[in-house]
Amino acid sequence: MNKPQTYVGIHNDKFGGMTQIGQVIKDAWLFGLIPEEQTCEGWTLTALEQLHDKVTACWQGHGYRVADLPPELRERHTRIHEQAMQRARELGWDPEEDINSEE
């Protein structure tokens, strides 16, 4: 029987979590679904999918728009994402490269 594949953790992920899974984790922190210290290292794909579903449900209640978040959550969103972008840049992330690779 094969051992299920597990996630490396947001801090070990590409550029410190500048991936789809990293986005889910940052949004889970935002909504308080998991503590900000939780990196999800060792989580299975199933557990990450369940977290994604919970994050999606939270965003639905806010119209999927940061502008529609209450002030406290908007401030938390800004802090979490600014810290993530700073860490990613320190690791060599170039947002322009991500945009150009999607074209």
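Relevant structure appears above.
Since this is a predicted model, take the numbers as computed values, not measurements.

Here is what the cut-offs are and how they apply
Residues numbered from 1 in each chain as written. Predicted model: local features only at pLDDT ≥ 70, side-chain atom pairs only at ≥ 80, totals over all residues. Heavy atoms only, no water. Salt bridge = Lys/Arg side-chain N within 4 Å of Asp/Glu carboxyl O. Helix = DSSP H or I, 4+ residues; strand = E, 2+ residues; numbered from the N terminus. Buried < 20%, exposed > 50% of the residue type's maximum accessible area, 1.4 Å probe, protein only. Axes fitted to C-alpha atoms, helices over the stretch in contact; angles between N-to-C directions. Left-handed = near helix turned anticlockwise from the far one by under 90°. Contact = heavy atoms within 4.5 Å. Nonpolar A, V, L, I, M, F, W, Y, C, P; charged D, E, K, R; others polar. Core = buried A, V, L, I, M, F, W, Y, C linked by side-chain atoms within 4.5 Å.

How would you explain the pattern of salt bridges if you had to name every residue and give the values?
This model, assessed by the stated rule, comprises three salt bridges. Its salt-bridge partner being Glu36, residue Arg79 comes within 2.7 Å of it at the nearest N-O pair. Here Glu36 lies in the loop between helix H1 (20-30) and helix H2 (45-60) and Arg79 lies in helix H3 (residues 71-90), a separation of 43 residues in the sequence. For Glu36, a relative accessible area of 29% puts it in the partly exposed group.

Go over the packing of H1 against H3, please, and point to the residues and values.
Contact geometry for H1 and H3: axes closest at 9 Å, N-to-C directions at 145°. When you trace H1 past H3, the crossing you get is right-handed. Here Gln23, Lys26, Asp27, Trp29 and Leu30 of H1 lie close against H3, whose contacting residues are Leu73, Arg76, His77, Ile80, His81 and Ala84. Across the contact of H1 with H3, the residue classes break down as five nonpolar, three polar and three charged.

Requested: an account of the nonpolar core, with residues and values cited.
The biggest cluster of nonpolar side chains holds 17 residues, and the ones touching the most others in it are Ile25, Leu30, Ile34 and Cys40. Those elements that place two or more of their residues in this core are H1, H2 and H3. The leading source of residues in this core is H1, at five residues. Ignoring anything within four residues of it in the chain, the contact list for Ile34 reads Ile25, Ala28, Trp29, Cys40, Trp43 and Leu51.

Fair warning: the whole summary comes from geometry, so function is off the table for now.
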